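So you can see what is in the structure, the chains are spelled out below.
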Amino acid sequence: MYLCIKNALHLEALVDLVIEDEHIVTMVPAGHQPQPENCEIFDAGGLVLMPSFIDAHAHLREPGFEYKETIATGLHAAAHGGFGAVMCMANTRPVNDTAAVTNLMLSQAQKSHPHGPRLYPIAAATKNLEGRELAPMAELKEAGCVAVSNDGRPIQSTEIMRRVMEYAADFSLTVIDHCEDPTLADHWVMNEGEISGLLGVKGQPAVGEALQAARDIMLAEYLHLPVHIAHVSSALTVDIIAWGKARGISVTAETCPHYLLLDDSALEGYNSQCKVSPPLRTKKDRDALIKAVADGTIDILVTDHAPHALHEKMTALDQALVGFSGLDLAVTLTWGLVKEHLLPEDALHRLWARRPGEIFHLPTNGFAPGDPADFFLFDPHENWVPSEQNLYSKGKNTPFLGQELSGRVKHHWLHGKMIF
Ligand code: DOR
Ligand code: ZN
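Values in this document were obtained by computation on a predicted structure and should not be read as measured data.

A. Focus on the overall build of the protein. For the protein, the count of helices and strands is 12 helices and 18 strands. Whereas a compact globule of 420 residues would reach a radius of gyration of roughly 22 Å, the protein reaches 21 Å, a difference of no more than 12%. In terms of overall dimensions, the protein has C-alpha extents of about 65 × 45 × 45 Å along its principal axes. When each of the 420 residues of the protein is scored for burial, the buried share is 60%. The long-range fraction of contacts in the protein, counting pairs at least 24 apart against all pairs at least 6 apart in sequence, stands at 74%. A total accessible area of about 16200 Å² is found for the protein, and carbon and sulfur atoms account for 53% of it. In the protein, the 32 positive side-chain charges and the 53 negative ones have mean positions that sit 3 Å from each other.

Below is the structure:
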């Protein structure tokens, strides 16, 4: 069975896309080629066509914290947010450090979303994320984990980090490291700087992130092994990554939309909705991060989707939990950077689809014949206001709640099937 998506805007050119079952057949300039017989037609009416995105870093909270999010609700938000694949972090309860937990995650995804978005669990790097004993990576890989990470609980011991990298490499699992020096980050609530000083609250300095990233990158060079630096938040860490790349070290890195759009001035007024780990840094950091995603020093974008119940966020700054709900809004927010000419449109495909696919060995759609028919249509002109009612995630904890945004995902196909 053929399907033709007519009159879609792909990188500013009007195209027709033909798919057969689960795969791309061809993409041609609109109206230039007759459709095959028995072809169902969908008129895109000039909407923007993008490949389904991969979110290589999300917290879906199941098992253990289902009141914040479940795999079903997280994948539902992902589908409506333009994501065809989600890699979920291991800080569940119990932690994803056994095949039993990985199996449970995968079976919940299969039950609720048999046609996708696909779920790819990330295994804990160490048992119970305690940073002491390695997790059983062979069994976790066999169960379906695609990477390992101690996200949320940085690995303090360099010796353990070394063993994690060596052991993970035996199973071709990429190590994703949350870089933070916990001794510099005791009881922090935000970035350490002018604003934390004015507010009179405890900050954590960006140098702690850069120190751990430097450690990891030097280990990667010494061991001839890869490392992936999670949610980079500071200009100094960007410089360290650029240094590693220039030396030919196998280092890749990610950042999140919020580090490109917000800075620590958002916490003025003690706004606990803007508390996240790592914290929002300064305007200078934000500018350096935008430059780094544009020039490829930072390889990919991720949401770090961290849903929490509102009562866990709408409390005193020092009590509030860290993290933002991200899956619903990521495409809209990063499209804003394209609109402001800070990123070319093609960079979104690279940062959200092509590079994460390469780094984590996941299928992606490059619109070439035979590619998976995973794509969505986006209306760049629709203005809307995210609210507790229209976000699909259970997590309503985003600093963008109630703000008018422009651009919205309208339809999404996975495996050639329209999922909405
Ligand atoms: O903001 C964050 N929230 N950063 C993390 O590293 C963990 C995450 C969470 O699990 O809530
Ligand atoms: Zn995270």
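B. Main features of the site of ligand 1. The local shell around ligand 1 holds 14 residues, among which Arg61, Asn91, His178, Ser277 and Gly323 are the closest. At a separation of 2.8 Å, an oxygen atom of ligand 1 approaches a polar side-chain atom of Arg61. Burial of ligand 1 by the surrounding chains reaches 94%, relative to a free accessible area of 290 Å². For the shell around ligand 1, the residue count by class is 3 nonpolar, 8 polar and 3 charged.

C. Representation of the packing of helix H4 (residues 158-170) against helix H6 (residues 207-223) within the structure. Viewed as axis vectors pointing N to C, H4 and H6 meet at an angle of 50°, and their least axial separation amounts to 11 Å. If you check the angle between H4 and H6, you find them oblique. Between H4 and H6 lies a crossing whose hand is right-handed. Residues Thr158, Met161, Arg162, Met165 and Glu166 of H4 pack against Arg215, Asp216, Leu219, Ala220, Tyr222 and Leu223 of H6. By residue class, the composition of the contact of H4 with H6 is 6 nonpolar, 1 polar and 4 charged.

D. Geometry of the sheet that holds strand S13 (residues 227-229). Pairing in this open sheet of 8 strands is parallel, and the strands run S6-S7-S8-S9-S10-S13-S14-S15 from one edge to the other. The open sheet has two edge strands, strand S6 (53-58) and strand S15 (300-301), and neither has a second partner. Direction of pairing for S6 relative to strand S7 (residues 83-88): parallel, over a ladder of 4 bridges. Residue pairing in the sheet places Ile54 in a bridge with Ala85 of S7. The sheet contacts of helix H1 (residues 71-80) involve S7 and strand S8 (118-124), and relative to S7 the element is tilted by about 140°.

E. Looking closely at the packing of aromatic side chains. A complete count under the given rule lists 8 aromatic pairs for this structure. With a centroid separation of 5.4 Å and 75° between ring planes, the pair formed by Phe83 and Trp352 is classed as edge-to-face. Residue Phe83 is found in strand S7, and its partner Trp352 is found in helix H12 (residues 345-360); the two are separated by 269 residues along the sequence. Across the pair, Trp352 and Phe83 agree in class, each one buried. Taking 5.2 Å as the distance between ring centres and 55° as the angle between the ring planes, the aromatic pair formed by Trp335 and Phe378 counts as tilted. Of this pair, Trp335 sits in helix H11 (residues 330-339) while Phe378 sits in strand S16 (residues 375-384), and the two are 43 residues apart along the sequence. You can call Trp335 buried: its relative accessible area is 8%.

Quick notes on the rules
- Residues numbered from 1 in each chain as written.
- Chains lettered and ligands numbered in written order.
- Predicted model: local features only at pLDDT ≥ 70, side-chain atom pairs only at ≥ 80, totals over all residues.
- Heavy atoms only, no water.
- Helix = DSSP H or I, 4+ residues; strand = E, 2+ residues; numbered from the N terminus.
- Rg over C-alpha atoms; globule rule 2.2 N^0.38 Å.
- Buried < 20%, exposed > 50% of the residue type's maximum accessible area, 1.4 Å probe, protein only.
- Contact = heavy atoms within 4.5 Å.
- Areas by Shrake-Rupley, 256 points an atom, 1.4 Å probe, with all protein chains shown as cover.
- Lys, Arg positive; Asp, Glu negative; His and termini not counted.
- Charge placed at Lys NZ, Arg CZ, Asp CG, Glu CD.
- Near = heavy atom within 4 Å.
- Polar contact = N/O pair within 3.5 Å; in protein donor to acceptor, adjacent residues only side chain to side chain.
- Nonpolar A, V, L, I, M, F, W, Y, C, P; charged D, E, K, R; others polar.
- Axes fitted to C-alpha atoms, helices over the stretch in contact; angles between N-to-C directions.
- Parallel < 35°, antiparallel > 145°, perpendicular 65-115°, else oblique.
- Left-handed = near helix turned anticlockwise from the far one by under 90°.
- Pairing = 2+ DSSP bridges.
- Phe/Tyr/Trp six-rings, centres within 6.5 Å; stacked < 30°, edge-to-face > 60°.

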